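# Structural features, examined
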Amino acid sequence: MQNKIRLHSKSKKSVSGSANVLIDSLPPFNGSVLKFLTDGKEVLVSANQQFDEKRSASLSISFPESIDNKEHDYVKDGGIDIIYVLIEKDDDGETYTPYSAVYGSGKVTVAFDLERGTFHATFNLKVQNDPTEPQLGANGVFRDVQGLEHVQK
């Protein structure tokens, strides 16, 4: 089942924060957080970076609003999902290359304050584009994220 969060343009707040990740053999990601949303159940944080006119990337994390502030094993059905996506434009359109975090490959430490609308997380795990390709090490952080937006699902 696909989860979606809808943000109404009139309710946008000023979101701030950064996200960084080093992934083996990929360009370093140093993005700005553009989305920090909750629908009352799940939270989404997403950052983007433009590398040049044809290449950009996105790093996103989602987790339950009721998450415990601690170190979590990154496991299936653990509630935390992380994905890194490379986006390349050419004359025919855009190509999206997703690198999903691999369950059982590492840990995520979360500090989320619902009332203050703040978030910080670090992670050290593996990502993979396709099960037939090698897993790549990913070491990252979401830093000083503020401006949580409450939206309807």
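Here's what I pulled together on the structure shown here. (Residues numbered from 1 in each chain as written. Predicted model: local features only at pLDDT ≥ 70, side-chain atom pairs only at ≥ 80, totals over all residues. Heavy atoms only, no water.)

### Topic: the overall build of the chain
- Broken down by element type, the chain carries zero helices and 11 strands.
- Counted from the first residue to the last, the chain has its helices and strands arranged as β-β-β-β-β-β-β-β-β-β-β.
- Its C-alpha radius of gyration of 15 Å places the chain within 12% of the 15 Å reference for a compact globule of 153 residues.
- Counting only C-alpha atoms and orienting by the principal axes, one finds that the chain spans roughly 40 × 35 × 30 Å.
- Here the chain holds 153 residues, and 41% of them are scored as buried. (Helix = DSSP H or I, 4+ residues; strand = E, 2+ residues; numbered from the N terminus. Rg over C-alpha atoms; globule rule 2.2 N^0.38 Å. Buried < 20%, exposed > 50% of the residue type's maximum accessible area, 1.4 Å probe, protein only.)

### Focus: the nonpolar core
- Counting 35 residues, the largest nonpolar core has Val45, Ile82, Tyr84 and Phe119 as its most contacted members.
- Considering each element in turn, this core owes the most residues, five residues, to strand β9 (residues 118-128).
- Every residue in contact with Phe119, bar those within four places of it in the chain, is listed here: Phe36, Val45, Ile61, Phe63, Val110, Ala111, Phe112, Phe142, Asp144 and Val145. (Core = buried A, V, L, I, M, F, W, Y, C linked by side-chain atoms within 4.5 Å. Contact = heavy atoms within 4.5 Å.)

### Here's the deal with the pattern of salt bridges
- As enumerated under the stated definition, the model contains three salt bridges in all.
- As a salt-bridge pair, Asp52 and Arg55 come within 3.2 Å of each other at their nearest N and O atoms.
- Classification of Asp52 by relative accessible area gives partly exposed; the value is 33%.
- Measuring nitrogen to oxygen at the nearest pair gives 3.9 Å for the salt bridge that ties Glu94 to Lys89.
- For Glu94, a relative accessible area of 39% puts it in the partly exposed group. (Salt bridge = Lys/Arg side-chain N within 4 Å of Asp/Glu carboxyl O.)

### A word on the side chain of Thr38
- Take Thr38: it is sitting in strand β2 (residues 29-38).
- For Thr38, the side chain forms a polar contact with the main-chain oxygen of Glu42, separated by 3.1 Å.
- Sequence-distant contacts of Thr38, that is, excluding residues within four places in its chain, are made with Val43, Glu65, Leu148, Glu149, His150 and Val151. (Polar contact = N/O pair within 3.5 Å; in protein donor to acceptor, adjacent residues only side chain to side chain.)

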